[in-house]
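The lines below spell out each chain.
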Amino acid sequence: MTIKEARTKTNRPAEEIAKLLGFPLKTWLAWEEGERKPPQYIEQLILERLEKMNKF
């Protein structure tokens, strides 16, 4: 699953998730659009955090 797919499942805008997780919006959008890729460990942490958000 991609970061964008995981974020979309939370039904929250990118701006809110980026701020909540402490990333600059420009960086977050670059990751979602595939212009840049976060380090693997960061991507895994983000996906885990977004998955937890879906459960609440």
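Reading the values: rules and limits
Residues numbered from 1 in each chain as written. Predicted model: local features only at pLDDT ≥ 70, side-chain atom pairs only at ≥ 80, totals over all residues. Heavy atoms only, no water. Buried < 20%, exposed > 50% of the residue type's maximum accessible area, 1.4 Å probe, protein only. Helix = DSSP H or I, 4+ residues; strand = E, 2+ residues; numbered from the N terminus. Salt bridge = Lys/Arg side-chain N within 4 Å of Asp/Glu carboxyl O.

### Overview of helix 3 (residues 25-33)
In step 1: Among the residues of helix 3, those classed as buried are T27, W28, A30, W31 and E32.
In step 2: Following helix 3 by one or two positions, G34 has its phi on the positive side, about 80°.

### Topic: the pattern of salt bridges
In step 1: Tallying each qualifying case throughout the model produces 4 salt bridges.
In step 2: Notably, a salt bridge pairs R7 with E32, separated by 2.7 Å at the nearest N-O pair. Placement of R7 in helix 1 (residues 3-9) and of E32 in helix 3 is noted, with a sequence separation of 25 residues between them.
In step 3: According to the relative accessible area criterion, R7 is buried, its value standing at 12%.
In step 4: With a relative accessible area of 11%, E32 lands in the buried category.

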